[in-house]
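# Coordinate analysis (summary)
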Amino acid sequence: IEVTLKELLKSSRFEGSAATLAAMLAKRAEELRTSTLGVLVGLVKSELLVAGTDIDAKVVHENVLDDWMSHTFHISGSPDFVTRRADDLDWLLTERNALAHDFLPRWSPRDPDGLRTTMHFLDEQFARLQRIRADWVEHLEAQLHSKSLLASLLVSPELDAVIEAR
């Protein structure tokens with residue numbers, strides 16, 4: 001799930017001139033590569049998830065001498081949809097921290113009762129994680145598909161004809 005969130009965030013927003021775009025994307029990828037799960041969850045909730053039509057106004061850049069481009073990808077939905085995604089991420093972060101910091105240091109595989117309890121606990125977590133992972137992989141696939149469509153449009157003869165007509 002963490003890798004999926006990093007991929008979604010990596011190209012969810014970018015802007016720059018033709019000369020600076022590649023460097024900006026590389027910088028964002030590096031920042032995300034070293035980000036903790038807590039930081040990723042915060043970024044997804046603040047940058048990707050949008051309830052209804054609650055999208056920030058576009059930033060207008062002044063004094064730009066080169067061609068400027070920007071792209072923003074949001075995951076939009078009803079307030080219930082966005083709340084569920086945010087709640088899933090909060091649960092993921094809480095459970096991951098509890099597992100890493102509280103559970104594993106005190107776990108004893110030699111205790112049969114503790115082992116049964118552990119297996120039940122991990123099975124329940126795994127089932128929920130599979131659903132959450134499937135949701136976020138679906139969002140990543142949608143983002144990749146939309147980028148593919150955009151790339152096809154940018155190199156299409158139809159767009160060339162529109163540009164030439166202007």
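The rules behind these values
- Residues numbered from 1 in each chain as written.
- Predicted model: local features only at pLDDT ≥ 70, side-chain atom pairs only at ≥ 80, totals over all residues.
- Heavy atoms only, no water.
- Helix = DSSP H or I, 4+ residues; strand = E, 2+ residues; numbered from the N terminus.
- Buried < 20%, exposed > 50% of the residue type's maximum accessible area, 1.4 Å probe, protein only.
- Areas by Shrake-Rupley, 256 points an atom, 1.4 Å probe, with all protein chains shown as cover.
- Patch = residues over 30% accessible without salt bridge, like charges linked within 9 Å, V, L, I, M, F, W, Y side chains within 5 Å.
- Salt bridge = Lys/Arg side-chain N within 4 Å of Asp/Glu carboxyl O.

So, on to the overall build of the protein. In terms of helices and strands, the protein carries 6 helices and 4 strands. Along the chain direction, N to C, the helices and strands of the protein fall in the order α-β-α-α-β-β-β-α-α-α. Residue burial in the protein is summarised as follows: out of 166 residues, 27% are buried. Total accessible area on the protein stands at roughly 11,300 Å², and carbon and sulfur atoms take up 58% of it.

On to a nonpolar patch on the surface. Where nonpolar side chains cluster on the molecular surface, the patch consists of L104, W107, L115 and M119 and spans about 370 Å² of accessible area. Along the chain, L104 falls in helix α4 (residues 79-106).

All told, the structure shown has 12 salt bridges when counted by the stated rule. Notably, a salt bridge pairs R84 with D135, separated by 3.6 Å at the nearest N-O pair. One end of the pair, R84, is in helix α4; the other, D135, is in helix α5 (residues 112-154), and 51 residues separate them in sequence. With a relative accessible area of 38%, R84 lands in the partly exposed category.

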